[in-house]
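Chain by chain, the residues run as shown.
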Amino acid sequence: MSSERDSETTFDEDYQPNDEDMPYSDDETEDELESQQPLVEPGQNQINRDTEESQEPLKKDCSWQVKANDQYFCEQPQFKRTVFLCFKKSKYAGNAIKTYKYNPVTFLPMNLFEQFKRAANFYFLVLLILQSIPQITTLSWYTTLVPLLLVLGITAVKDLVDDIAHHRMDNEVNNRKCEVIREGRFKNTKWKDIKVGDIIRLKKNTFVPADILLLSSSEPNSLCYVETAELDGETNLKFKMALEVTHRYLQEESAMADFNGLIECEEPNNRLDKFAGTLYWRNTTYSLDADKILLRGCKIRNTDFCHGVVIFAGADTKIMKNSGKTRFKRTKIDSLMNYMVYTIFIVLILLSAGLAIGHTYWEQQIGNLSWYLYDTQDFSSPYRGFLNFWGYIIVLNTMVPISLYMSVEVICLGQSYFINWDLQMYYPKKDTAVKARTTMLNEQLGQIHYIFSDKMGTLTQNIMTFKKCCINGQRYDKDASRHKVIQQVDFSWNKYADGKFSFYDHYLIEQIKSGKEPEIHKFFFLLAICHTVMVDASDGQLNYQAASPDEGALIMAARNFGYVFLSRTQNTITISEMGIERTYDVLAILDFNSDRKRMSVIVRESGGNIRLYCKGADTVIYERLHPRNLKREATEEALDIFANETLRTLCLCYRDISHDEFEAWNKKFMEASVATTHRDEALDKVYEEIGKKLLGATAIEDKLRDGVPETISRLSKADIKIWVLTGDKKETAENIGFSCELLTDETIICYGEDTSALLQTRLENQRNRAGSSTHSSLRMNEPFFQGSKDRALIITGSWLVCTKGVLLLTLKQKAMVVELVKKYKKAITLAIGDAAHIGVRISGQEGMQAVISSDYSFGQFHYLQRLLLVHRRWSYIRICKLLRYFFYKIFAFTLVRIWYSFFNGFSAQTAYEDWFITLYNVLYSSLPVLLVGLLDQDVSDKLSLRFPRLYVLGQNDILFNYKKFFLSLLHGAITSLIIFFIPYGAYLKTMGQDGEAPSDYQSFAVTAASSLIFVVNFQIGLDTSYWTFVNAFSVFGSIALYFGITFDFHSAGIHVLFPSGFHFTGTAPNALRQPYLWLTMILSIAICLLPVVAQRFLSMTIWPSESDRIQKNCKKYVAEEQQWKRRQSAFRRGISGRRSAYAFSHQRGYADLIASGRSIRKKRAPLDGVLGNSMTQVRDAHETS
């Protein structure tokens, strides 16, 4: 997390790929990403794939050197770089992180510099300087200084509060402690004091403070199990393994202190899964890779302690490199508002120039001939006009809405707090409240067009449960959801049973206990033996560590049904079969990968028989079945039924192998094992030669999160396009679409490969049309699909980009799809991640690593509908009302001075008192609009959810655009005409009660100002949809505040104290005691507001909007809400023949680790004597915990 958080990206610019912000990009540059074409021909696809696969990895530049236990090594001159002039600093970062932006010395200058980068703030600074020139100013300096200081002060306080929070977070992390070698012994040291080259000791359940090379651990062969949820969001444990030489020699504390190895490796980078380096120690070199590196942010699991040497620290660590620069996201309305401010600048300059020309003409015709106007300055008329140009720039400065930025920031901050305080988005199960981590994207969420969502852990809970199965053609699929009175199976007879496991088909248990069905025995025996699960037996409990939650669900199912995996060695596996323990020889394990889509083992049973067991995707298993398999059709029918219920399926099969076949295979295996790059291919070829006998199929449920179907249905009705980006196969994507109601039976599904052919035909037709006429052009805006039916597009990875590696391919594609839509559709996007305009995170089983860097985070997916359809729709409406009203009241206030210029010789004389100009936007008209921006609601939250179509207003930019902007300006101009000319006409021929005509300038200024205050405050009252006591108090309180301050400033007492600052002595008391002035104000108010009231009435009666109709029938809808029930799901089971996905994760398991034998516990010398009291303290702490 870099401190450079001031880089800005606008709506039109932020689709540019950023390699620092996208950890998916390993070797691709931004130019390569930019060059990806949205429509790639199938032939070109294959060429790209072949080319990419043929590329050799680039050789790493191993210029990073680390010397263990040598803090001065990094301070050598060759490792220093120039930071400023002749000042140099080591290129090795300290371990302290810095996400804050300011310190006590830099806060004031840096904050002011950033604030004056805003055009409005800088403009007012220039005005303040111009007002110091007596020849051009007609306003007092405080009319500009007071609003400017107020805006700068409030913004500075907001930035300070935000930065203090970053300071606290940094201090909390930097002051964590771990053990570091100091003076030959391990001592507790703060994270911020750790340096590159330090030897550290980490204990169980602690976080890794830096990127370190694993040297040794308490586990056999110095294995170390880590949880990487903070890095990649996966909660499955991964293992790291130290070099054999460091495991052997670096166990004692003294050996650690004497270790002086030199490490050469690649420079710090953001590639989480890659590392290349070399260890030089004792005149020998040792190769280092990512399997030996513990990254900062990982958590030590199932390992009592481990040791390592720090390679990258602080900002150089991979997790910090992936954080990149925090980009300032600017909303669409914010960008539009800036353009409108620039428009106002142009209008201001043109008006000032026109009025200056008018003054030049007036001086030539009248001013030079009027002796009583002589000011002792012999300036020419053009020069006086030039001075007046700058005078009008100052007088009309209120056209530039400096207070608008402050108001928007205050409102956005308040709206963010309202979201954080919403109890309806609080997830009590995990004590997780919704968190708005940005305050400037509120209204942007009210304009979302596309939502990009992951499936795993976002739409689903990522908690796998074994639900049903098919064995030898017989389905065992009774379910409590369909049989209301059925009881779950009692597993109390099994001492290894898990109390959380539930199953409802009693007939299967009876078959297992009877032992009459050998196929059932083989089915569960396969589940118990064909896997790469690691087991840890402690305190009589079996704890499984699986490479994927799917495999964990299968092994737990076998355990509950009486086939319990107990332990394994390098070549054997022990299983309890219905209470009888048996050990089998494991001859080979071929792990899962994305190409094979299956996993196989070859075992020798107790009788000497050799058998191959295999489980995998139905598509690959069926291709390899024996031609005369009797149960093929029955199992396929069961798979279709399970798939229609959106269960994750896979097939099980086996094959007996003769000794001659095994010997032939074993010979090939030994030959292939010499060259590891061909091992999988050789084994695969052997397995391809063996026909298999089908055993059955399993069905695993990956439960949807609560409220997912309702949420997607409502968001779809709000015209939000939802894309589910998943790494699973096409059938899974289709099934998950149906289960969460993204797809219905009426939806026409289009596949990428089919659509591609249509695209090619269309492009050829367009080229033919273009070639047939010299004036024709390609028409890309014609509809691709004819008709109005709902369609869904399912695209596989090869139609997006061709890359190597399934995991990287998946991550790249997901981010690139988002970039594609942002770039070519110019639509506002929301993604579960941060590649979109707005990034959100679901705090769940996966994805916790980026919650802090996201814009919004919450506990459940269905909270998204309340966030978008309620809070952010309200935010959009409120901000739009604020902007329209702000521009209206500014022009109603400012243009009065222009009309006044026609009667004062264009002399830049103001029409108001200076203090009224100062306080108009700050006090007299600010509070009501702020409350509307914070509290206003067109309809209630329940009705907002019930009628999602209300959200379309924001998508279509209906409530605020250039048309609305100019209408607001026109409305303000008309109001200013009324505010000026009605009092002007009333003052032409009037007589007061005392027989005098109070038609002086000051009385006129008070009358116009009072009329204006009434009109603008009543206007915001008309714009208010949700009235509360606070709103009413703010409207009438602002009017009362105006009169209170005006009478005070016009009193004789304050004039005596400050004679140069208060010139309207007695004006308000004298003028406002005249009844006809009040009648004048009432007439002005009526003429301004009655047309608005009439227009609103006709609009709501004749052309009512959706919101108007809902408000009109609000009571009826509230009554119906009491009886409303959730509609039946559009998804109906058992209709279409959809096939679900194989239940495997997209990563290899622990097969290589098992085959190496390094995971097996062996007896060795106890470490108590080696480490002294340290080992005893570790164990005591473990027992205490």
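Cut-offs and rules
- Residues numbered from 1 in each chain as written.
- Predicted model: local features only at pLDDT ≥ 70, side-chain atom pairs only at ≥ 80, totals over all residues.
- Heavy atoms only, no water.
- Helix = DSSP H or I, 4+ residues; strand = E, 2+ residues; numbered from the N terminus.
- Buried < 20%, exposed > 50% of the residue type's maximum accessible area, 1.4 Å probe, protein only.
- Contact = heavy atoms within 4.5 Å.
- Areas by Shrake-Rupley, 256 points an atom, 1.4 Å probe, with all protein chains shown as cover.
- Phe/Tyr/Trp six-rings, centres within 6.5 Å; stacked < 30°, edge-to-face > 60°.
- 1 Å grid on protein atoms, 1.4 Å probe; cavity = no way out; pocket = protein on both sides within 12 Å on 5 of 7 lines; lining within 4 Å.
- Points joined across faces, edges and corners; volume = space filled by probe spheres on them.
- Patch = residues over 30% accessible without salt bridge, like charges linked within 9 Å, V, L, I, M, F, W, Y side chains within 5 Å.
- Salt bridge = Lys/Arg side-chain N within 4 Å of Asp/Glu carboxyl O.
- Lys, Arg positive; Asp, Glu negative; His and termini not counted.
- Charge placed at Lys NZ, Arg CZ, Asp CG, Glu CD.
- Arc of directions from axis to C-beta.
- UniProt positions renumbered as here; feature names shortened; annotations may be inferred.
- Pairing = 2+ DSSP bridges.
- Axes fitted to C-alpha atoms, helices over the stretch in contact; angles between N-to-C directions.
- Core = buried A, V, L, I, M, F, W, Y, C linked by side-chain atoms within 4.5 Å.
- Polar contact = N/O pair within 3.5 Å; in protein donor to acceptor, adjacent residues only side chain to side chain.
- Disulfide = S-S within 2.5 Å.
- Expected span 1.5 Å × (residues − 1).
- Left-handed = near helix turned anticlockwise from the far one by under 90°.
- Nonpolar A, V, L, I, M, F, W, Y, C, P; charged D, E, K, R; others polar.

When helices and strands are counted, the chain shows 40 helices and 36 strands. Sorting the 1185 residues of the chain into buried and exposed places 53% on the buried side. Once local pairs closer than 6 in sequence are excluded, the contacts in the chain between residues at least 24 apart make up 74%. When the accessible surface of the chain is summed, it comes to about 54400 Å², and 56% of that surface belongs to carbon and sulfur atoms.

The full count for this structure, using the stated rule, is 66 aromatic pairs. Pairing Tyr544 with Phe565 gives two aromatic rings, centres 5.8 Å apart and planes at 20°, and the pair type is stacked. Remark: Phe565 occurs in strand S24 (residues 563-568) and Tyr544 occurs in strand S23 (residues 541-545); sequence separation between them is 21 residues. On the basis of relative accessibility, which here comes to 15%, the residue Tyr544 falls in the buried class. Plain terms: the ring middles of Phe1018 and Phe1036 are 6.3 Å apart, the flat faces sit at 65° to each other, and that makes the pair edge-to-face. Of the two residues, Phe1018 is situated in helix H31 (residues 1001-1023) and Phe1036 in helix H32 (residues 1029-1049); the sequence distance between them amounts to 18 residues. The class of Phe1018 is partly exposed, set by a relative accessible area of 26%. Among the residues examined, Phe1036 registers a relative accessible area of 52% and is labelled exposed.

Once that is clear, we can look at the layout of surface pockets. Looking at the second largest pocket, its volume works out to about 1500 Å³. Listing elements by their share of the lining of the second largest pocket, those giving two or more residues are helix H25 (863-901), helix H30 (962-988), H31, helix H35 (1075-1102) and helix H36 (1106-1112). If you tally residues by element for the lining of the second largest pocket, the top one is H30, at nine residues.

What follows concerns a positive patch on the surface. Residues Arg81, Lys89, Lys98 and Lys321 make up a contiguous surface patch of positive charge. With respect to the secondary-structure elements, Lys98 resides in the loop between strand S4 (87-90) and helix H3 (107-115).

Taken together, the side chains of Tyr339, Tyr342, Tyr962 and Phe966 present a nonpolar region at the surface, about 430 Å² in accessible area. Looking at the nonpolar patch, the elements with two or more residues in it are helix H10 (332-365) and H30. Here Tyr962 lies in helix H30.

So, on to H3. Buried within H3 are the following residues: Phe107, Asn111, Glu114 and Gln115. Relative to the axis of H3, the buried residues are bounded by an arc of 100° and lie together on one face. Lining the buried residues of H3 we find helix H4 (119-130) and helix H5 (142-174).

We now examine the pattern of salt bridges. Applying the stated criterion across every chain, the model contains 29 salt bridges. For the salt bridge of Glu623 with Arg624, the shortest nitrogen-to-oxygen distance reads 3.2 Å. The class of Arg624 is buried, set by a relative accessible area of 17%. Note that Asp1023 is salt-bridged to Arg1096, the shortest N-O span being 2.6 Å. You can see Asp1023 sitting in helix H31 and its partner Arg1096 sitting in helix H35, a full 73 residues away along the chain. Residue classification places Asp1023 among the buried positions, given a relative accessible area of 17%.

On to the UniProt feature "binding site: Mg(2+)" (unreviewed entry) in the chain. UniProt marks Asp454 and Asp834 with the feature "binding site: Mg(2+)" (unreviewed entry), using the numbering shown here. Here Asp454 is to be found in strand S19 (residues 450-454).

What follows covers the pairing of strand S30 (residues 693-704). Consecutive side chains of a regular strand alternate in pointing toward one face of the sheet and then the other. In this structure, strand S20 (residues 460-471) lies alongside S30, joined through eight bridges in antiparallel fashion. When the bridges of S30 are listed, Cys469 appears paired with Thr698.

To continue, consider the sheet that holds strand S18 (residues 435-436). Across the sheet, which stays open at both edges, the six strands sit in the order S18-S36-S35-S34-S19-S31 with mixed pairing between neighbours. The open sheet has two edge strands, S18 and strand S31 (721-725), and neither has a second partner. Both S18 and strand S36 (residues 856-858) contribute to a ladder of two bridges, which runs antiparallel. Note that in S36 the partner of Lys435 across the bridge is Ser857. On the sheet, H25 packs against S19, strand S34 (829-832) and S36 and is oriented at approximately 130° with respect to S36.

Attention now goes to the sheet that holds S20. What the nine strands build is an open sheet, ordered S21-S20-S30-S29-S28-S27-S26-S25-S24; its pairing is antiparallel. In this open sheet, the two strands that pair with only one neighbour each are strand S21 (474-476) and S24. The mean angle between the axes of side-by-side strands here comes to 30°, regardless of whether they run parallel or antiparallel. The pairing of strand S27 (residues 598-604) with strand S28 (residues 610-616) spans seven bridges and is classified as antiparallel. Residue Ile602 lies in a different strand from S28, and its bridge partner there is Leu612. On the sheet, helix H14 (residues 506-514) packs against S20, S21 and S24 and is oriented at approximately 115° with respect to S21.

What follows concerns the nonpolar core. Counting 111 residues, the largest nonpolar core has Leu883, Phe887, Tyr912, Phe916 and Leu1012 as its most contacted members. It is H25 that provides the largest number of residues to this core, a total of 19 residues.

With that out of the way, let us pick up the environment of Thr432. Among the structural elements, Thr432 can be located in the loop between helix H12 (402-420) and S18. With 425 residues separating them in the primary sequence, Thr432 and Ser857 have C-alpha atoms 9.2 Å apart. Here the side chain of Thr432 touches Lys430 through a polar contact of 3.1 Å, landing on its backbone oxygen.

Following the UniProt record, one finds the feature "binding site: ATP" (unreviewed entry) at Asp454, Lys455, Glu551, Phe592, Lys615, Arg648, Thr726, Gly727, Asp728 and Lys814. Structurally, Glu551 can be placed in helix H16 (residues 549-560). On the accessibility criterion, Glu551 (5% relative accessible area) is buried. You can see Phe592 is positioned in the loop between strand S26 (580-590) and S27.

Quick look at the state of the cysteines now. All told, the structure shown has zero disulfides when counted by the stated rule. Here Cys298 stays free of any disulfide, with the sulfur of Cys224 as its closest cysteine sulfur at 8.9 Å. Under the relative-accessibility criterion, Cys298 is labelled buried at 2%. Cysteine Cys470 shares no disulfide, and the gap to the nearest cysteine sulfur, in Cys469, comes to 7.6 Å.

Within the secondary structure, Asp938 is located in the loop between helix H27 (927-935) and helix H28 (941-946). A polar contact of 2.8 Å, which involves the side chain of Asp938, links it to the side chain of Arg873. Reaching out from Asp938, the side chain makes a polar contact with the side chain of Ser1107 at a distance of 3.3 Å.

With that settled, consider helix H18 (residues 632-644). Structural remark: α-helix, 3.6 residues per turn; residues separated by three or four positions point the same way. For H18, with 13 residues, the first-to-last C-alpha span of 18 Å sits near the 18 Å given by 1.5 Å per residue. For H18, the complete set of buried residues consists of Thr635, Ala638, Leu639, Phe642, Ala643 and Asn644. One or two steps after H18, the chain reaches Thr646, where phi turns positive at roughly 60°.

A few words now on the environment of Ile402. Following the sequence through the fold, Ile402 ends up in helix H12. Overall, Ile402 belongs to the buried group, its relative accessible area being 5%. Residues Ile402 and Tyr123, spaced 279 residues apart in sequence, show a C-alpha to C-alpha distance of 9.1 Å. In contact with Ile402, not counting residues within four places along its chain, are Ala120, Asn121, Phe124, Leu148 and Val151.

To continue, consider the packing of H30 against H31. Closest axis-to-axis distance for the H30/H31 pair is 10 Å, and the angle between their directions is 145°. Crossing geometry of H30 relative to H31 is assigned as right-handed. Residue-level inspection shows His971, Thr975, Ile979, Phe980, Pro983, Tyr984 and Tyr987 of H30 in contact with H31, the latter providing Ser1003, Phe1004, Thr1007, Ala1008, Ser1011, Leu1012, Val1015 and Gln1019. Tallied by class, the residues present in the contact of H30 with H31 amount to nine nonpolar, six polar and no charged.

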